[in-house]
Amino acid sequence: MANPLVGIIMGSISDWETMQHTALTLDGLGIAYEKRVISAHRSPQLAHDWTTGAAGRGLQVVIAAAGGAAHLAGVAAALTALPVLGVPMESASLKGMDSLLSMVQMPAGIPVATFTIGKPGAINAALFAAAMLALSDPKIKAALDAYRTAQTEKVVKTQLP
C-alpha cells in the first residue's frame with residue numbers, strides 16, 4: 001500500500017480485538033494506515049509526539065480508541081488540527097458508557113467525532129474516514145461506492161427461510 005493516510009491509535013493492546021475491524025475495513029477499501037498503542041495517561045509524551053507529528057507523516061485522519069476515562073481521542077484532538085474520530089471501547093464496569101460519555105463531552109473548540117461503542121463504531125469510523133478521504137481521492141471514492149453497493153446487494157438478495 002501507499003503512504004498511510006489514517007492513523008489508528010488505541011489506549012491498550014486489549015483494544016486491538018475491537019480495532020482490528022477498523023484495520024480490516026480500511027484494508028478492504030485499499031486505504032493505508034499506521035497503528036499504534038498509545039496511552040494518554042501512561043505514555044503522555046508518546047501521545048504528544050505521535051500526534052503532533054501525524055500530519056508531517058502524511059496522515060489525514062486519526063482514529064483514536066480508548067476505554068474507561070477514554071481521554072486519548074480528546075488529547076489527540078487537542079494536539080492536531082487533523083480530524084479525530086473517537087471509538088469508545090466497551091468496559092467491564094460500565095459497558096463502555098463511561099468511554100462514550102467521556103468522548104462526547106469535549107469542550108467547544110476541540111472536536112472529536114464520536115462513534116458507537118465497540119465493533120460497530122470501529123467499522124463506522126473506518127468508513128467515515130474513507131468518506132472524508134474520498135472527497136479528494138477518486139480511487140477511495142470508487143472503493144467506498146463499491147463497498148456500499150455490495151452492502152445493498154447483500155440485503156436485496158437476502159432470502160428468509
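Just above, that's the structure.
Since the structure is predicted, the reported quantities are computational estimates derived from the model, not experimental observations.

Quick notes on the rules
Residues numbered from 1 in each chain as written. Predicted model: local features only at pLDDT ≥ 70, side-chain atom pairs only at ≥ 80, totals over all residues. Heavy atoms only, no water. Core = buried A, V, L, I, M, F, W, Y, C linked by side-chain atoms within 4.5 Å. Buried < 20%, exposed > 50% of the residue type's maximum accessible area, 1.4 Å probe, protein only. Helix = DSSP H or I, 4+ residues; strand = E, 2+ residues; numbered from the N terminus. Pairing = 2+ DSSP bridges. Contact = heavy atoms within 4.5 Å. Axes fitted to C-alpha atoms, helices over the stretch in contact; angles between N-to-C directions. Salt bridge = Lys/Arg side-chain N within 4 Å of Asp/Glu carboxyl O.

Engineer: Would you mind showing me how to read the nonpolar core here?
Structural biologist: Generally speaking, nonpolar side chains in soluble globular proteins are found buried as a group. Ranked by size, the top nonpolar core spans 26 residues in total, and within it Val 6, Ile 8, Met 19, Ile 31, Ile 63 and Val 87 carry the most contacts. Of all the secondary-structure elements, those providing two or more residues to this core are strand S1 (6-10), helix H1 (16-29), strand S3 (61-66), strand S4 (84-88), helix H5 (119-134) and helix H6 (138-156). With eight residues, the single largest contributor to this core is H5. Listed in part, the 19 residues of the second largest apolar core include Ile 9, Ala 47, Ala 64 and Ala 77.

Engineer: Looking at this model, I keep getting lost on the side chain of Ser 91. Mind explaining?
Structural biologist: Its place among the elements puts Ser 91 in the loop between S4 and helix H4 (97-104). Accessibility expressed as a relative area gives 14% for Ser 91, which makes it buried.

Engineer: What should I look at first to understand the sheet that holds S1 in this one?
Structural biologist: In a beta sheet, neighbouring strands are held together by backbone hydrogen bonds and run either parallel or antiparallel to one another. If you walk across this open sheet you meet the five strands as S2-S1-S3-S4-S5, and the pairing is parallel. If you trace the sheet from one side to the other, it starts and ends with strand S2 (33-37) and strand S5 (113-114), each paired once. Sheet strands in contact with H1 are S1, S2, S3 and S4, and its direction is about 170 degrees off that of S1. Sheet contacts for helix H2 (residues 44-52): S1, S2 and S3; angle to S2, the most-contacted strand, approximately 170 degrees.

Engineer: Can you help me understand the pattern of salt bridges in this one?
Structural biologist: Pairing between side chains of opposite charge can happen when their charged atoms approach one another. Using the criterion set out here, one finds two salt bridges in the structure. Residue Arg 57 pairs with Glu 34 through a salt bridge whose shortest N-O separation is 2.9 Å. Within this pair, whereas Arg 57 is found in the loop between H2 and S3, its partner Glu 34 is found in strand S2, the two being separated by 23 residues in sequence. With a shortest N-O distance of 2.8 Å, Asp 145 and Lys 141 are connected by a salt bridge. Pair noted here: Asp 145 and Lys 141 are both in helix H6, with a separation of four residues, about one helical turn. For Asp 145, a relative accessible area of 35% gives the class partly exposed.

Engineer: I tried to follow the pairing of S3 on my own but got confused; where do I start?
Structural biologist: In summary, the side chains of a regular strand alternate between the two faces of the sheet. Taken across its six residues, S3 has six buried, putting it largely inside the fold. Neither face of S3 is left uncovered, since the one carrying Val 61, Ile 63 and Ala 65 and the one carrying Val 62, Ala 64 and Ala 66 both have all their residues buried. Here five bridges tie S1 to S3, and the two strands are oriented parallel to one another. Looking across to S3, one finds that Ile 8 is bridged to Ile 63.

Note that every value here comes from positions in space, so none of it alone points to a role or purpose.
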